[in-house]
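# Architecture and fold: a report
These are the residues of each chain, in order.
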Amino acid sequence: MIRRKLKSVRDDFIPRKEKYAAQLEVCGEDRNSYSKTDPDATFMRMKEDHMKNGQLKPGYNIQMATENQFVLFYSVHQRPTDTRCLIPHMEAYRETALPMPKRIVADAGYGSEENYLYLLGEEDGEAVADFLIPYNTYLKEQSRSYKKNAYNAKNWAYHEEDDLFVCPNGRKVRFKKYMKKKNASGFVQDFKIYECEDCSDCPLKALCTKAKGNRQVHWNPIYEELKAKARKALDDETLKQIYALRKIEVETVFGNLKGNLAFRRFHLRGLDKVHLEFGILALAHNFLKVAGILRMPSAKHIQNKRKEAKNDLFFAYFIILGTYRTAPSKPKRKTFRRAGRFI
Ligand code: SF4
């Protein structure tokens, strides 16, 4: 019996343990999957989902900084989520000789507490740049249903002096304890936990909470403060216009690479080669953009073209009008009067 157990340990458990250790080493700390054909590639959810089954495919996450639709800088990541790519991207950017941007504009996928703190310099004391980055619930918060949801703790009255909320049933939701939570990227967030004094006989309980006991509210004061800062910037009329440029800035570049240049798949494997391949692609994009600008007509040329276009329109107008006039007219409708009725 013991011999058989020892044999299975020697022939099965130990080789398997070694295999898993080797796989974990390839995976590294930042990801939990890799491709057998390209160990540097991570399984990610792609926008191209032809089978419509949400299948994961091996790939790389490309982060790009643009200005006037020129690619200024890019970085290749093995992390599938954008949220965790901002800091390594900015750190790589800081190592270059490029000037630091005054403001970073990015979509809601980057609006995490960790990223906000990093950009404000709360992590290492040096502010990176100002930012225009919404958080994941920014748009939802604008909706009427969100603002009128009586069971959302954000809509409850807060009494600062007693540090308590008042719930829709008029009961006190008091501060109970502090709690630390580690998120998926290993960042530790501080929460204040509030708990309602008594939910046992509340007629609103089914609508308010799924908890068996009293309702708890997990409040992250640091993140709430950062979100308020982001919201204030995004609600500013001038900054709103800058944020709106994001769609025609960086999205256009990706659109050009994927749509016009039909670059939807890397041809090379391995992080270094992929980095190089995207660099060539970014260069091609920038060169084509310069070529497009050089080919752009001068203001005088545009004026002449406009004049020509006006003449063409005048000519076309006559042709269409002439055609209309020479078309045969409709025969007149005959009417017969019979017994006082028109047929
Ligand atoms: S369930 Fe608790 S927190 Fe919710 S309304 Fe009722 S008493 Fe208030």
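To start, this report covers the structure provided alongside it. Keep in mind it's a predicted model, so treat the numbers as computed, not measured.

### With respect to the nonpolar core
In a soluble, globular protein the nonpolar side chains are often hidden away together inside. Leu-86, Met-90, Ile-104, Ala-106, Leu-119 and Ile-133 are the most contacted members of the largest nonpolar core, which totals 17 residues. Contributions of two or more residues to this core are made by α2 (86-94), β5 (103-105) and α3 (113-120). Tallying contributions element by element places α2 first for this core, with 4 residues.

### Observations regarding the site of the ligand
The full set close to the ligand counts 13 residues, and Cys-167, Asn-169, Cys-199, Cys-202 and Cys-208 are the nearest of them. Class assignment of the residues belonging to the shell around the ligand gives a composition of 8 nonpolar, 2 polar and 3 charged.

### Points about the environment of Tyr-34
By the element assignment, Tyr-34 lies in the loop between α1 (2-27) and β1 (42-45). Sequence separation between Tyr-34 and Leu-24 is 10 residues; the distance between their C-alpha atoms is 9.8 Å.

### Quick look at the sheet that holds strand β11 (residues 216-219)
Here 5 strands make up an open sheet; going across it, the order is β7-β8-β9-β10-β11 and the pairing antiparallel. Looking at which strands have only one partner, the edges of the open sheet turn out to be β7 (157-159) and β11. Mean inter-strand twist for the sheet, computed between neighbouring axes without regard to direction, equals 35 degrees. Relative to β11, strand β10 (residues 188-196) runs antiparallel, the two sharing 4 bridges. Bridged to Lys-192 within β11 is Trp-219.

### Things to note about α1
The terminal C-alpha atoms of α1, which comprises 26 residues, lie 35 Å apart, in line with the 38 Å expected from a rise of 1.5 Å per residue. The largest bend in α1 is about 40 degrees, located at Val-9. Sparse coverage of α1 is indicated by the burial of 0 of its 26 residues. Looking one or two residues beyond α1, the residue adopting positive phi is Gly-28, at roughly 75 degrees.

Rules used throughout
Residues numbered from 1 in each chain as written. Predicted model: local features only at pLDDT ≥ 70, side-chain atom pairs only at ≥ 80, totals over all residues. Core = buried A, V, L, I, M, F, W, Y, C linked by C-beta atoms within 7 Å. Buried ≥ 20, exposed ≤ 12 C-beta atoms within 10 Å, placed from the backbone. Helix = DSSP H or I, 4+ residues; strand = E, 2+ residues; numbered from the N terminus. Near = placed C-beta within 6 Å. Nonpolar A, V, L, I, M, F, W, Y, C, P; charged D, E, K, R; others polar. Pairing = 2+ DSSP bridges. Axes fitted to C-alpha atoms, helices over the stretch in contact; angles between N-to-C directions. Expected span 1.5 Å × (residues − 1). Bend = angle between axes of the 7 residues up to and from the residue.

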